[in-house]
Amino acid sequence: MHLAVDADVKEVLAVEVTTEPWTDSEVLAGLLEQIDDPIGHVRGDGAYDTQEVYTVAGERGATVTIPPRANAVPWAPDHPRTPALAAIAADGLPAWKQVVGDHRRSLAENAMYRFKQLFGERLASRLFETQVTEVQVRVAALNVMTDLGMPVSVPRRVILS
């Protein structure tokens, strides 16, 4: 299961259910096709660091922020990956992640975590087509719960005397 999440409201905008051989970068186009609204930013982990991802996101007018893979080399001088590699070489990966707001990527991972906590890691259906429907229903339910309100975490103060 692959999700596209609106980082501002934490709503799942698109879902792709695939079999194991599919990679994250291969399903991005299908996820973006499900979104009618303009897409401002595409964030992902190193698995999305492919030419195809940059091309598909660029066609939608989106800015792409993806940490380059460990063995990454510069592409064209005007490609977004090239200045990212230069900044990482100069200041380090943690500094680059801080500057580009890479922490927002974790919101999609958090949506996956909430999905698994609420519905479990297994599907009841045996047929792939039915599994797709089951996931879509669960995502719709997750969006309703998210719309009702996210929990607010507040640190507890413990006073010992």
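Residues numbered from 1 in each chain as written. Predicted model: local features only at pLDDT ≥ 70, side-chain atom pairs only at ≥ 80, totals over all residues. Heavy atoms only, no water.

Turning next to helix H2 (residues 51-59). Those residues of H2 lying buried are Val53, Tyr54, Val56 and Ala57. Contact partners of the buried residues in H2: helix H1 (24-33), strand S3 (41-43), strand S4 (63-65) and helix H3 (81-91). Remark: Gly61 follows H2 within two positions and exhibits a positive phi of approximately 80°. (Buried < 20%, exposed > 50% of the residue type's maximum accessible area, 1.4 Å probe, protein only. Helix = DSSP H or I, 4+ residues; strand = E, 2+ residues; numbered from the N terminus. Contact = heavy atoms within 4.5 Å.)

Its boundaries defined by the atoms lining it, the largest pocket holds a volume of some 830 Å³. Lining of the largest pocket is provided by 30 residues; of these, Leu3, Ala4, Val5, Arg43 and Ala108 occupy positions nearest its centre. For the lining of the largest pocket, the secondary-structure elements that each account for two or more residues are strand S1 (2-5), H1, S3 and helix H5 (106-119). Roughly 250 Å³ of internal volume is contained in the second largest pocket. Lining the second largest pocket are 15 residues, with Met1, Phe115, Glu121, Leu123 and Val135 positioned closest to its centre. For the lining of the second largest pocket, the leading source of residues is helix H6 (residues 128-148), giving 4 residues. For the lining of the second largest pocket, the residue count by class is 7 nonpolar, 4 polar and 4 charged. (1 Å grid on protein atoms, 1.4 Å probe; cavity = no way out; pocket = protein on both sides within 12 Å on 5 of 7 lines; lining within 4 Å. Points joined across faces, edges and corners; volume = space filled by probe spheres on them. Nonpolar A, V, L, I, M, F, W, Y, C, P; charged D, E, K, R; others polar.)

To continue, consider the packing of aromatic side chains. According to the stated counting rule, one finds 2 aromatic pairs in the structure shown. Ring centres 5.8 Å apart and planes at 90° place the aromatic pair Tyr54 and Trp75 in the edge-to-face group. Placement of Tyr54 in helix H2 and of Trp75 in the loop between S4 and H3 is noted, with a sequence separation of 21 residues between them. According to the relative accessible area criterion, Tyr54 is buried, its value standing at 10%. Look at Trp75 and you get partly exposed, because its relative accessible area is 23%. The aromatic ring of Trp75 is capped on one face by Arg81, whose charged end is 3.7 Å from the ring centroid. (Phe/Tyr/Trp six-rings, centres within 6.5 Å; stacked < 30°, edge-to-face > 60°. Lys NZ or Arg CZ within 6 Å of the ring centre and 35° of its normal.)

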